[in-house]
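# Close look at the chain arrangement
Chain by chain, the residues:
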Number of protein chains: 6
Amino acid sequence: MSEKVAVYRRENFNAAHRLHNPAWDEATNDRVFGKCNNPNYHGHNYELIVKLIGEPDPATGYVYDLKLLSDLVKENIIDRFDHKNLNEDTVEFKNLNPTAENIVVVIYKILRAKIDSKYDLKLRLYETERNFVEYPAN
Amino acid sequence: MSEKVAVYRRENFNAAHRLHNPAWDEATNDRVFGKCNNPNYHGHNYELIVKLIGEPDPATGYVYDLKLLSDLVKENIIDRFDHKNLNEDTVEFKNLNPTAENIVVVIYKILRAKIDSKYDLKLRLYETERNFVEYPAN
Amino acid sequence: MSEKVAVYRRENFNAAHRLHNPAWDEATNDRVFGKCNNPNYHGHNYELIVKLIGEPDPATGYVYDLKLLSDLVKENIIDRFDHKNLNEDTVEFKNLNPTAENIVVVIYKILRAKIDSKYDLKLRLYETERNFVEYPAN
Amino acid sequence: MSEKVAVYRRENFNAAHRLHNPAWDEATNDRVFGKCNNPNYHGHNYELIVKLIGEPDPATGYVYDLKLLSDLVKENIIDRFDHKNLNEDTVEFKNLNPTAENIVVVIYKILRAKIDSKYDLKLRLYETERNFVEYPAN
Amino acid sequence: MSEKVAVYRRENFNAAHRLHNPAWDEATNDRVFGKCNNPNYHGHNYELIVKLIGEPDPATGYVYDLKLLSDLVKENIIDRFDHKNLNEDTVEFKNLNPTAENIVVVIYKILRAKIDSKYDLKLRLYETERNFVEYPAN
Amino acid sequence: MSEKVAVYRRENFNAAHRLHNPAWDEATNDRVFGKCNNPNYHGHNYELIVKLIGEPDPATGYVYDLKLLSDLVKENIIDRFDHKNLNEDTVEFKNLNPTAENIVVVIYKILRAKIDSKYDLKLRLYETERNFVEYPAN
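These remarks concern the structure in this document. Quick caveat, the model's predicted, so the values are computed rather than measured.

## Focus on the interface of chain C and chain E
Across the contact, 24 residues belong to chain C and 23 residues belong to chain E. On the surface where chain C and chain E come into contact, there are 2 salt bridges. Taken together, the links from chain C to chain E amount to 13 residue pairs in polar contact (both at pLDDT 80 or more). Residue contributions to the side of chain C that touches chain E peak at 8 residues, all from strand E1 (residues 5-17) of chain C. Of the residues assigned to the side of chain C that touches chain E, the class counts are 13 nonpolar, 4 polar and 7 charged.

## Focus on helix H1 (residues 26-33) of chain C
All names here are of chain C. Every buried residue belonging to H1 is among Asn29, Val32 and Phe33, and all of these are buried. One face of H1 carries all of its buried residues, which in axial projection span an arc of 75 degrees. Exposed and oriented more than 90 degrees from the buried face of H1 are Ala27 and Arg31. One or two positions beyond H1, positive phi appears at Gly34, with a value near 55 degrees.

## Observations regarding the pairing of strand E1 (residues 5-17) of chain B
Two faces, one strand: in a regular strand the side chains alternate between the faces of the sheet. Counted residue by residue, E1(B) has 12 buried out of 13 residues, so it is predominantly covered. Pairing geometry for E1(B) and strand E2 (residues 42-54) of chain B, over 13 bridges, is antiparallel. Directly across from Arg10(B), in E2(B), lies its bridge partner Ile49(B). Inspection of the sheet shows E1(B) paired to strand E5 (residues 131-135) of chain C by 4 bridges, in the antiparallel sense. By the bridge assignment for E5(C), Tyr8(B) is matched with Phe132(C). Judged from the 2 bridges that link them, E1(B) and strand E3 (residues 84-85) of chain B form a sheet pairing that is parallel. Bridged to Ala16(B) within E3(B) is Asn85(B).

## Regarding the pattern of salt bridges
Evaluation of the coordinates by the stated rule reveals 78 salt bridges over all chains. Glu129(A) is paired through a salt bridge with Arg10(B); the nearest N and O atoms lie 3.3 Å apart. Of this pair, Glu129(A) sits in the loop between strand E4 (120-126) and strand E5 (131-135) while Arg10(B) sits in strand E1, which puts the two residues in different chains. Note on Glu129(A): relative accessible area 32%, which makes it partly exposed. Each of Arg10(A), Glu47(A), Glu129(B), Arg130(B), Arg10(E), Glu47(E), Glu129(F) and Arg130(F) takes part in one network of salt bridges that share partners.

Calculation criteria
- Residues numbered from 1 in each chain as written.
- Chains lettered and ligands numbered in written order.
- Predicted model: local features only at pLDDT ≥ 70, side-chain atom pairs only at ≥ 80, totals over all residues.
- Heavy atoms only, no water.
- Contact = heavy atoms within 4.5 Å.
- Salt bridge = Lys/Arg side-chain N within 4 Å of Asp/Glu carboxyl O.
- Polar contact = N/O pair within 3.5 Å; in protein donor to acceptor, adjacent residues only side chain to side chain.
- Helix = DSSP H or I, 4+ residues; strand = E, 2+ residues; numbered from the N terminus.
- Nonpolar A, V, L, I, M, F, W, Y, C, P; charged D, E, K, R; others polar.
- Buried < 20%, exposed > 50% of the residue type's maximum accessible area, 1.4 Å probe, protein only.
- Arc of directions from axis to C-beta.
- Pairing = 2+ DSSP bridges.

Spelled out as structure tokens, the structure:
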């Protein structure tokens, strides 16, 4: 068995979004996205859980200092998306539908570039207490 | 001691909003409302807890059938505010800043008119898990 | 201002019940109680929160030792109702419809007799995370 | 790395059950199942979390529309088990002990037949906040 | 009915403590405080909920800016008690047993002096998810 | 697909600890461990989730009787660490820094020796609601 340990850090951000495919007419958008297609947006309290897998450093007993992980997530994710309109205020979702699935993949790509590749990275994103996503899936 | 019992029902809605006072200049709005003044809106998962106080009906053992209370809240509050932009899509907040305090008072006035005055009514509204409000206060 | 402090203890029990008024015909019971009228019962994880108000004892700093309060609730309430069919297995609900309202009043009467009257007592009972009750109401 | 994303939907149902092996005498049933062997049943608020793994549809950004997943779970699972006595009211548990393990496998088989095999399916079922199960296990 | 609204802010701190009465012998301390009398301390994740009652300012819609309330609680309470040994590191509990009851009264006195008396103030303090206290009690 | 089911049991313990490397000077300890290096300790409400994977016994429908699993965890883990100072009161952390990572590995080794190897074992340990760890990692 590997000596690897997983460490998790939870962070939160609140944002507005609209689900919409500009290639479709309004009737199709309404049928597919329902209330989420509201042109004036709605919003959520998003909860992000960041998981890193690695070996604890014998000198510290830490896989990764979770205070530093929190700072890294705040600088790269929370400051970027918190209290924003995902469709209007962010380059990431100008041309990408901000579903929870697309948001979690976008966040993964940003964080993956900032975290040493020796750590496995996995994310869970809650859009509501009943709807949530995970990436990568396995 | 009164034989009155309080009954509670929890419901949820997700909405976008912006905190802003149109009588103020942008610098003042930014100073007072900070990130919440984003002109493109942000959003929340709101959680509403409705409390009624009354005497249980001896025939049913119910103060108020919570299925009927849920239906009443859904018809009058959830359908009105869920997946909406509070500032843009609702008459209630066209000219009223949609702070949690103002939202809970607006919801109270709507529900109070729909619920027999023999019941005391009190509401709690969570904007996030760390920020919430209650009305009436006592 | 009073120097009184409120202390709270949470306990849990799991039970089956049926909502039914034997004075009514089945059609009326079905209309009023819906799925809760299932003659074969359904069940819940009940969560009970016991609140006592009193003055902290200067020698201990306790209003009431919460370990002793937990023991008292377990002996008088949890042992009586946990893993029971409220309608069939308890004398309290042989002739009383086991709505959350009636359950909380029954539990109050049992605990009130066991706790020194110098303490105010108030109970909250969750039937589900969305439906809960409180007694006394004020 | 796969581009697959996991999506989750939480649903709830409340049911009565009894744990019992009819091939055993009562003393053995009492020893093995303790309070759960109550012949008059007890009950729980079950919480079901359904996980699907698949690739987001580029046109929608959805792996699976969670509104449709919720509808599917309600039609096939919640309507079948909510406010029921699992032992008495369901064909699935007429001859199968309704432990959490057996319930989650039964639900899996029902949902697996209703969901396109291109999606991996995994379930978590909470019987209480302290006892829960998952299937498949890996 | 008053136009007053209650606003709430949740904060957290983690601390060590020991329950002990130096006027008693060890046998009495052990009997009364049990495991909590461990001379080497144990600890908790404390959760503090601050409630203010006041009238919303018509210009802002705020009873009290919860960002400012959070800052005030952090400066006066969290910085004082977080990651501290309440018995050893704080003047407040040098000669006062750090029960939840005594902690909530101490926090109340500190915050009451910092918050305009036009606001009613009430605190809830969770020591664990099952044991919590409130002050003032009414 | 395997017929294996995962079963989970949640338990809690409250403990004091200090993060510190005696091979380092104080300045380094302060820089690395910050407030967690407080020589007088701080503390947490730890939440432990034990996961076992195995095949349900056809006679019981249980993978593992969760009452017995709870007893086993209480005897071997909760009694050992609850209301203790991990650094001072336990042999396990006399010479091992009690980070969440090290605690979860220590608990794993204790439980692994007590549980039949036919069961896969995995642990999650919450130090706070925002910081938690898992072992083994995969």
